Amino acid sequence: MALRFGIEEEYFVVDPVSREVVPRAAAVVRRAGAALGERASTELVAYLAEAKTSPCDDLDKLGEQIRSMRAVMAAAAAAEGVRLAATGTPVLGDLVPAPITRGARYAESLAFYRGLDDEQSICSCHVHVEMPDRERAVQVSNHLRPWLPTLLALAANSPYWVGRDTGHACWRALAWARWPVAGPPPYFASAGHYDDLVGALLECGALMDSGTIFWDVRPSARLPTIEVRLADVAPTAGEASVFAALVRALVQMSSDAVDAGERAPDPPPEMLRAAYWMAARHGLAGRGLDVRTGRPATFGAQAGDLLAHVRPALRGTGDLDAVARGVRRLVAGGTGADLQRGAHRRRGRLTDVVDAVLLPGQ
């Protein structure tokens, strides 16, 4: 039986004329909530709007949900006189300090994390895949770790930051890495080991609460899922659904490896950190590092390895053809970061970059 899965994704609210980010997310979310209910929500920063799918077991159904929720969010934005952009970092706008959404928890976060919240202007995609229990989620997390840099490269969609090209394909990942508990998760011997470490981080004051565990893979604090949180929001619904299906297949293969008693690889943290940076720097093009071997390898090549690795799971769900086409299209044609830079090259205008990642219908 196929594992159920779903996604959460965030969008920047932008002015339709200047294309700069504007703090109008609350109004957009209120209007979208008429159709989406609690599946539309605000975020810490007042120009970020979030939407979520319901869990489902079929890729076609998930793709339809993503297209539908994006259409609802785009229509709500248009009715409020603004637009929504699907990019991991803001292309244009006055961002520091970022306007914080009203609410007790957001105020507590600002008091706790200070300047980190001031610059927390990023939009990501979180993929949830159902798990039978937290122990399985932690063991699956261990098996996912060697593939995380490749997933990061595939999802790169944040080359610009406030009017400049950062020289990176995924600047969001580097902005996120400054937080005390973020990036690739440690190797955990058990769910008890996970709880002990989280408890120590809470006790010493490195975490505000359990909701601020921002590792790129974690057992969800509120759902019976493992949550893979490392991706930039995808520029299109099609790319979002392909990425979610790839993650689900990797989770399935990792769960099967746990059942078989296979020990997960444990690449050195220094190697994993370096591979993360290279994935964020180059995306699928240029130099890369394979943490499974410790040798140079482009992430485009590793994307092919990942596809081969998850092929049995994709066959089992009937998703192989769709995901293989999607991955090959990214490797051959470029990621969201390449899309954004291509839009800029045509006329040298950053407004064109924003236009390239507006949700459809805007």
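Residues numbered from 1 in each chain as written. Predicted model: local features only at pLDDT ≥ 70, side-chain atom pairs only at ≥ 80, totals over all residues. Heavy atoms only, no water.

You'll find the protein entered in an unreviewed UniProt entry as Putative glutamate--cysteine ligase 2, with Actinomadura coerulea given as the organism. Quoted verbatim from the Sequence similarities (unreviewed entry) field of the UniProt record, the comment on the protein reads "Belongs to the glutamate--cysteine ligase type 2 family. YbdK subfamily." Quoted verbatim from the Catalytic activity (unreviewed entry) field of UniProt, the annotation for the protein is "L-cysteine + L-glutamate + ATP = gamma-L-glutamyl-L-cysteine + ADP + phosphate + H(+)". (UniProt positions renumbered as here; feature names shortened; annotations may be inferred.)

Trainee: Honestly, the packing of helix 5 (residues 134-144) against helix 9 (residues 237-259) in this entry has me stumped. Any pointers?
Mentor: What describes two packed helices is the angle between their axes and the distance between those same axes. Packing of helix 5 against helix 9 leaves a shortest axis separation of 9 Å and a crossing angle of 110 degrees. When the interaxial angle is binned, helix 5 and helix 9 end up roughly perpendicular. Residue-level inspection shows Arg136, Gln139, Val140, His143 and Leu144 of helix 5 in contact with helix 9, the latter providing Leu250, Val251, Ser254, Ser255, Ala257, Val258 and Asp259. Across the contact of helix 5 with helix 9, the residue classes break down as six nonpolar, four polar and two charged. (Axes fitted to C-alpha atoms, helices over the stretch in contact; angles between N-to-C directions. Helix = DSSP H or I, 4+ residues; strand = E, 2+ residues; numbered from the N terminus. Parallel < 35°, antiparallel > 145°, perpendicular 65-115°, else oblique. Contact = heavy atoms within 4.5 Å. Nonpolar A, V, L, I, M, F, W, Y, C, P; charged D, E, K, R; others polar.)

Trainee: When you look at the environment of Arg67 in this model, what are you seeing that I'm missing?
Mentor: By the element assignment, Arg67 lies in helix 2 (residues 59-79). With 173 residues separating them in the primary sequence, Arg67 and Ala240 have C-alpha atoms 9.7 Å apart. Setting aside its immediate chain neighbours within four residues, Arg67 contacts Asp60 and Ala237.

Trainee: How should I be thinking about unusual backbone geometry in this particular structure?
Mentor: Of all residues except glycine, most have a negative phi; of all peptide bonds, most are trans. Even without being glycine, Arg19 reaches a positive phi, approximately 65 degrees. Counting through the fold element by element, Arg19 comes out in the loop between strand 1 (5-14) and helix 1 (25-36). At Val162, a residue that is not glycine, the phi angle is positive and equals roughly 55 degrees. Here Val162 shows up in the loop between strand 6 (160-161) and strand 7 (164-165).

Trainee: Explanation requested: the layout of surface pockets in the structure shown.
Mentor: Empty space left among the atoms is revealed by rolling a probe the size of a water molecule over them. Its boundaries defined by the atoms lining it, the largest pocket holds a volume of some 750 Å³. As for the largest pocket, its lining consists of 29 residues, of which Glu43, Arg105, Gly211, Phe214 and Arg229 are closest to the centre. Contributing elements (two or more residues each) for the lining of the largest pocket: strand 1, strand 2 (40-42), strand 3 (48-52), helix 3 (104-113), strand 5 (124-130), helix 7 (171-176) and strand 11 (225-232). Of the residues contributing to the lining of the largest pocket, the split by class is nine nonpolar, eight polar and twelve charged. By volume, the second largest pocket is sized at about 420 Å³. Those elements that provide at least two residues to the lining of the second largest pocket are helix 7, strand 8 (182-183) and helix 10 (269-282). With six residues, the top contributor of residues to the lining of the second largest pocket is helix 10. Tallied by class, residues from the lining of the second largest pocket come to 16 nonpolar, one polar and five charged. (1 Å grid on protein atoms, 1.4 Å probe; cavity = no way out; pocket = protein on both sides within 12 Å on 5 of 7 lines; lining within 4 Å. Points joined across faces, edges and corners; volume = space filled by probe spheres on them.)

Trainee: Explain the pairing of strand 5 to me, please; I cannot follow it from the model alone.
Mentor: Looking along a regular strand, one sees the side chains alternate between the two faces of the sheet. Taken across its seven residues, strand 5 has six buried, putting it largely inside the fold. In this sheet, strand 11 lies alongside strand 5 in antiparallel orientation, the contact comprising six bridges. If you follow Glu130 over to strand 11, its bridge partner there is Thr225. (Buried < 20%, exposed > 50% of the residue type's maximum accessible area, 1.4 Å probe, protein only. Pairing = 2+ DSSP bridges.)

Trainee: How do you make sense of the packing of aromatic side chains when you look at a structure like this?
Mentor: Each aromatic ring pair is described using two quantities: the centre-to-centre distance and the angle formed by the ring planes. If you walk through the whole model with that rule in mind, you get nine aromatic pairs. Between Tyr113 and Trp179, the ring centres sit 4.7 Å apart and the planes meet at 50 degrees, which makes this aromatic pair tilted. Of this pair, Tyr113 sits in helix 3 while Trp179 sits in the loop between helix 7 and strand 8, and the two are 66 residues apart along the sequence. Among the residues examined, Tyr113 registers a relative accessible area of 8% and is labelled buried. Judged by centre distance (5.6 Å) and plane angle (65 degrees), the ring pair of Phe188 and Trp215 falls under edge-to-face. A residue pair is termed long-range when its members are at least 10 positions apart, and Phe188 in the loop between strand 8 and helix 8 (191-204) and Trp215 in strand 9 (residues 214-215) qualify at 27 residues. (Phe/Tyr/Trp six-rings, centres within 6.5 Å; stacked < 30°, edge-to-face > 60°.)

Trainee: Looking at this structure, how should I read empty space enclosed by the protein?
Mentor: All chains considered together, the criterion is met by three cavities of 30 Å³ or more. Roughly 160 Å³ of internal volume is contained in the largest cavity. What lines the largest cavity is a set of 18 residues, among which Leu154, Ala155, Ala234, Glu239 and Phe243 lie closest to the centre. Of all the elements in the fold, those that place two or more residues in the lining of the largest cavity are strand 11, helix 9 and helix 12 (320-333). For the lining of the largest cavity, the element with the highest residue contribution is helix 9, accounting for five residues. For the lining of the largest cavity, a count of residues per class yields 14 nonpolar, two polar and two charged. Considered as a void within the structure, the second largest cavity measures approximately 50 Å³ in volume. For the second largest cavity, the full set of lining residues is Ala2, Leu3, Ala245, Arg248, Ala249, Gln252, Ala313, Leu314, Thr317 and Asp319. At the level of secondary structure, the elements contributing two or more residues to the lining of the second largest cavity comprise helix 9 and helix 11 (299-317). Of all the elements, helix 9 adds the most residues to the lining of the second largest cavity, at four residues.

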